[in-house]
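Residue-level structure breakdown
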Number of protein chains: 2
Amino acid sequence: MLELAILGLLQEAPMHGYELRKELTAKLGAIRAAISYGSLYPTLRRLQAAGWITEAAETPATAEEVPALTSRRGRVVYKITAEGKERFAQLIAQAGPETYDDTGFGVHFAFFARTDQATRLRILEGRRRKIEERREGLRDVLARAAERLDAYTLELQRHGLEACEREVRWLEELIANERSGRAPTVPQRGTAGGRREETSPPPPGESRKERP
Amino acid sequence: MLELAILGLLQEAPMHGYELRKELTAKLGAIRAAISYGSLYPTLRRLQAAGWITEAAETPATAEEVPALTSRRGRVVYKITAEGKERFAQLIAQAGPETYDDTGFGVHFAFFARTDQATRLRILEGRRRKIEERREGLRDVLARAAERLDAYTLELQRHGLEACEREVRWLEELIANERSGRAPTVPQRGTAGGRREETSPPPPGESRKERP
DNA sequence: GTGCGATGTATCGGTCCGATACATCGCGGC
DNA sequence: GCCGCGATGTATCGGACCGATACATCGCAC
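A quick note: this is a predicted structure, and the numbers were derived from the prediction, not measured.

Comments concerning the overall build of chain A
When its secondary structure is counted, chain A shows 7 helices and 3 strands. Overall, chain A shows an N-to-C arrangement of helices and strands of α-β-α-α-β-β-α-α-α-α. Restricting to contacts in chain A with at least 6 residues of sequence separation, those with at least 24 account for 63%.

Section: the protein's contact with DNA strand D
Close contacts around DNA strand D come from 22 residues, with His16(A), Gly17(A), Gly38(A), Gly38(B) and Ser39(B) the closest. Taken together, the elements giving at least two residues each to the surface near DNA strand D come down to α2 (17–28) and α3 (37–50) of chain A together with α3 (37–50) of chain B. Looking at which element gives the most residues to the surface near DNA strand D, the answer is α3(B), with 4 residues. Residue classes in the surface near DNA strand D are distributed as 9 nonpolar, 8 polar and 5 charged.

Examining the domain arrangement of chain A
The domain boundaries assigned to chain A delineate domain 1 (1–59 + 76–96) and domain 2 (116–181). The gap between the C-alpha centroids of domain 1 of chain A and domain 2 of chain A is 30 Å.

Regarding the packing of helix α1 (residues 2–12) of chain B against α3(B)
All names here are of chain B. Contact geometry of α1 with α3 gives a least axis separation of 10 Å together with a crossing angle of 75°. Taken together, the axes of α1 and α3 are roughly perpendicular relative to one another. Contacts from Leu 2, Glu 3 and Ile 6 of α1 reach α3 at Ser 39, Thr 43 and Leu 47. Across the contact of α1 with α3, the residue classes break down as 3 nonpolar, 2 polar and 1 charged.

Focus on the protein's contact with DNA strand C
Surrounding DNA strand C, one finds 22 residues, the nearest of these being Gly38(A), Ser39(A), His16(B), Gly17(B) and Gly38(B). Going through the elements one at a time, α3 of chain A together with α2 (17–28) and α3 of chain B are the ones with two or more residues in the surface near DNA strand C. No other element matches the 4 residues that α3(A) contributes to the surface near DNA strand C. Counted by class, the surface near DNA strand C contains 9 nonpolar, 8 polar and 5 charged residues.

A short note on helix α4 (residues 82–93) of chain B
Residues and elements named next belong to chain B. With 12 residues, α4 extends 17 Å between its outermost C-alpha atoms, agreeing within 8% with the 16 Å of an ideal straight helix rising 1.5 Å per residue. Those residues of α4 not exposed but buried are Gly 84, Arg 87, Phe 88, Leu 91 and Ile 92. Each buried residue of α4 lies within a common arc of 125° when the element is viewed along its axis, so the set occupies one face. Residues of α4 that are exposed and angled more than 90 degrees away from the buried face: Ala 82, Glu 83, Glu 86 and Gln 90.

Structural notes on the packing of helix α7 (residues 151–179) of chain A against helix α5 (residues 102–110) of chain B
Two elements in contact, α7(A) and α5(B), have axes separated by 8 Å at closest approach and are oriented at 140°. Comparing their axes, α5(B) and α7(A) come out oblique. For the pair α7(A) and α5(B), the contacting residues are Tyr152(A), Thr153(A) and Leu156(A) in the first and Gly106(B), Phe109(B) and Ala110(B) in the second.

Overview of the confidence of the model for chain A
Residue and element names in this part refer to chain A. Looking at chain A as a whole, the pLDDT averages 83, with 77% of positions reaching at least 70. Counting interchain partners and residues more than four positions distant, the pLDDT-below-50 stretch residues 60–71 has 2 contacts. Confidence drops under a pLDDT of 50 for residues 189–212, and excluding neighbours within four residues, the segment shows 24 contacts in the predicted structure.

Re the environment of Tyr37(B)
Residues and elements named next belong to chain B. Structurally, Tyr 37 can be placed in helix α3. Residue classification places Tyr 37 among the exposed positions, given that 11 C-beta atoms sit within 10 Å. Considered as a pair, Tyr 37 and Asp 150 are 113 residues apart in the sequence and their alpha carbons are 40 Å apart.

Observations regarding the environment of Glu162(A)
All names here are of chain A. Relative to the helices and strands, Glu 162 resides in helix α7. The exposure class assigned to Glu 162 is buried, which follows from the 20 C-beta atoms found within 10 Å. With 83 residues separating them along the chain, Glu 162 and Lys 79 place their C-alpha atoms 43 Å apart.

Parameters and conventions
- Residues numbered from 1 in each chain as written.
- Chains lettered and ligands numbered in written order.
- Predicted model: local features only at pLDDT ≥ 70, side-chain atom pairs only at ≥ 80, totals over all residues.
- Helix = DSSP H or I, 4+ residues; strand = E, 2+ residues; numbered from the N terminus.
- Contact = placed C-beta atoms within 7 Å.
- Near = placed C-beta within 6 Å.
- Nonpolar A, V, L, I, M, F, W, Y, C, P; charged D, E, K, R; others polar.
- Domains from an automatic or database assignment.
- Axes fitted to C-alpha atoms, helices over the stretch in contact; angles between N-to-C directions.
- Parallel < 35°, antiparallel > 145°, perpendicular 65-115°, else oblique.
- Expected span 1.5 Å × (residues − 1).
- Buried ≥ 20, exposed ≤ 12 C-beta atoms within 10 Å, placed from the backbone.
- Arc of directions from axis to C-beta.
- pLDDT = per-residue confidence, 0-100.

What follows is the structure, encoded as structure tokens:
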């Protein structure tokens, strides 16, 4: 999952680790907490070893002045390669079971602007199916095992059930939107946000802006 | 987290691994997918090594008949020890930062019936604070970086923001409930569920049923 | 009588996290 | 002048947890 996210971000611009983490946090903030360096750096190394990204160290021109001590560890800028772009396209198009769990779906969704419509639809429907299953599981527990559970556990289930129902509705709207027409904007429900009155969503036709 | 959940469940009744997993899934189904055996069994072993639980193998009386082949691996029933109960009480009362993330909060909440009111309040408020921070982060992104993001990413943030606002409201109600009176039941919003019209929530006074 | 789904225990490789360490840079306060 | 301090920046280590996999038993439907 991290691999996909990094490849996707580096496709927009070359970046160094710290920057990458900030962008990742901004893009995925809705679905997960900030990514840890303990995952980020090893993954970068892995991607580099596989040849999906390359490293372009920022040596400040006059480097041979300071031989060994202090060692001047400049920022390391990472850049996606042609193979990396292929890899990203492959990862974004193929949908395994992990594509539909909370994190996997979130990451895929965050890169929907670079995903073709058929895949978008497939992923949205897969996610809906998964949430519907979770919802049914919760309903079963609530209907069949309610007397075995204490009031707090019950309230937790009720809250979870409501969240499932809400997400299914959200997905329904997105799917309907996707099928006929474009633009992911779900009709304003008056509630959250406040801003974005007329922010006309530019038709996100497939994946414009292929080259940097 | 798994450690806490296992200790909590075993406090209600001795169980073997498979059963434990099912109960875990029923109790925590609202917050996370089914727990993996790849986590469960190693954790059981760890708890056993620490002395929090003991193993009571179900050897069917006539065991010496079959010496080595087929080896008859009966179900292994786990039982919590006195030290384990202490450990549980300690874990449930102390709240580190991990207590407020999605999984940690869910597990703690699921055992609120065995938690004293002061701790319940502390955890609910900590959780609220954390969600409020996440909410502010999302609002910032939406307000300040909206034009940098594509329509799909924006919609993801909007959905996440709404979920945050909803959870804060839920927590507010629980906190208010907790402060004055008892019973975690949030006033019915007509939506989800359908059942539970008059299911009078039995006053879950602190932790009744201490001994099995 | 035989296959097949539920029950049941267990391991292995891999992903990701949290804590920790350490170095540089700009800026405000004394 | 210089000192601390928060932001920037790279990096590792141990541990928690997952997904795939393997294997064995039991009951029952066909």
